[in-house]
Amino acid sequence: MSAFALAAGLQAQPAMAETQTAIFAGGCFWCVESDFDHVPGVISTTSGYSGGTLQNPTYQNHEGHREVVKIEFDPARTSFDKLVDVFFRSVDPTDDGGQFCDRGHAYTTAIYVTDKAQKAAAEKSKAEAEAALGRPIVTPIESAGAFWQAEGYHLDYYKKNPLRYTYYRSACGRDARLEELWGKAAHQGIASH
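Residues numbered from 1 in each chain as written. Predicted model: local features only at pLDDT ≥ 70, side-chain atom pairs only at ≥ 80, totals over all residues. Heavy atoms only, no water.

**Topic: the overall build of the protein chain**
A count of helical and extended segments in the protein chain gives seven helices and eight strands. Across its three principal axes, the protein chain shows a C-alpha extent of roughly 65 × 40 × 35 Å. Looking at the protein chain as a whole, 46% of its 193 residues are labelled buried. Pairs at least 24 apart in sequence give 74% of the contacts found in the protein chain among residues at least 6 apart. With an accessible surface of roughly 10,000 Å², the protein chain has 53% of that area assigned to carbon and sulfur atoms. Charge separation in the protein chain, taken as the distance between the mean sites of 18 positive and 24 negative side-chain charges, equals 2 Å. (Helix = DSSP H or I, 4+ residues; strand = E, 2+ residues; numbered from the N terminus. Buried < 20%, exposed > 50% of the residue type's maximum accessible area, 1.4 Å probe, protein only. Contact = heavy atoms within 4.5 Å. Areas by Shrake-Rupley, 256 points an atom, 1.4 Å probe, with all protein chains shown as cover. Lys, Arg positive; Asp, Glu negative; His and termini not counted. Charge placed at Lys NZ, Arg CZ, Asp CG, Glu CD.)

Dropping the structure here:
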């Protein structure tokens, strides 16, 4: 610490902790982004595409990819384990045909892991979700590959277009289905619910 800082009574600030990344596919990326922006410890969310083989996929052409959200989080404030638990309670992990009103592979659920620790945490949470629901969980756990950021108009859609987003989410039946499936555990860990 410099003599000036000491004289001014300033405390040394701890170095910024490194962030960690989680990548989840949970149907419409607008909804996943909105939900995880309200989870304590999450620093940022970015909608995009992953899981396929196309280079530079777009909303008009992302065949083989899923809509995903890349989540940057502060491991001092939350953990990957907690985020996976939140994820399961914000999707219908029993539906292998898509999510809510959005159908097809692009809208199916998945957890993309970056290392063995994330894989173990995801498998544990998946088993707990299966036990809680009493039915098979179809959400695959796959190794993270390339992440392609979505077009700018998709990013923070719920903030830029709140009326359209709210109508879409309600009309799609997302929250009603989650409450039917999970009961009081629906949206667990998401501050705005």
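**Quick notes on the pattern of salt bridges**
Per the counting criterion, the structure on display carries eight salt bridges. Across the pair R169 and D35 runs a salt bridge, and its minimum N-O distance is 3.1 Å. With a gap of 134 residues between them, R169 in helix α6 (residues 162–172) and D35 in helix α2 (residues 29–36) connect regions that are remote in the sequence. Of the two residues examined, R169 and D35, each falls in the buried class. For the salt bridge of K159 with D156, the shortest nitrogen-to-oxygen distance reads 4.0 Å. Here the residues in one salt-bridge network are D35, R169 and D175, joined through shared partners. (Salt bridge = Lys/Arg side-chain N within 4 Å of Asp/Glu carboxyl O.)

**Things to note about the confidence of the model for the protein chain**
Residues with a pLDDT of 70 or more make up 91% of the protein chain, whose mean pLDDT is 91. Within the model, the stretch residues 1–15 combines pLDDT values under 50 with five contacts to residues more than four positions away or in other chains. (pLDDT = per-residue confidence, 0-100.)

**Thoughts on the nonpolar core**
Counting 42 residues, the largest nonpolar core has F24, F36, F80, L83 and I111 as the members making the most contacts within it. Top contributing element to this core by residue count: helix α3 (residues 80–88), with six residues. In contact with F80, other than residues within four places in its own chain, are A22, F24, F73, I111, V113, Q118, A121 and A122. Membership of the second largest hydrophobic core comes to six residues, among which are I23, A25, V68 and F147. (Core = buried A, V, L, I, M, F, W, Y, C linked by side-chain atoms within 4.5 Å.)

**Thoughts on the state of the cysteines**
Under the definition given, this model contains one disulfide. What pairs with C101 in a disulfide is C172, and their sulfur atoms sit 2.0 Å apart. Measuring the twist about the S-S bond at about -105 degrees, one finds the C101-C172 disulfide to be left-handed. Here C101 is found in the loop between β4 (98–99) and β5 (102–103), whereas its partner C172 is found in helix α6, with 71 residues between them in sequence. (Disulfide = S-S within 2.5 Å.)

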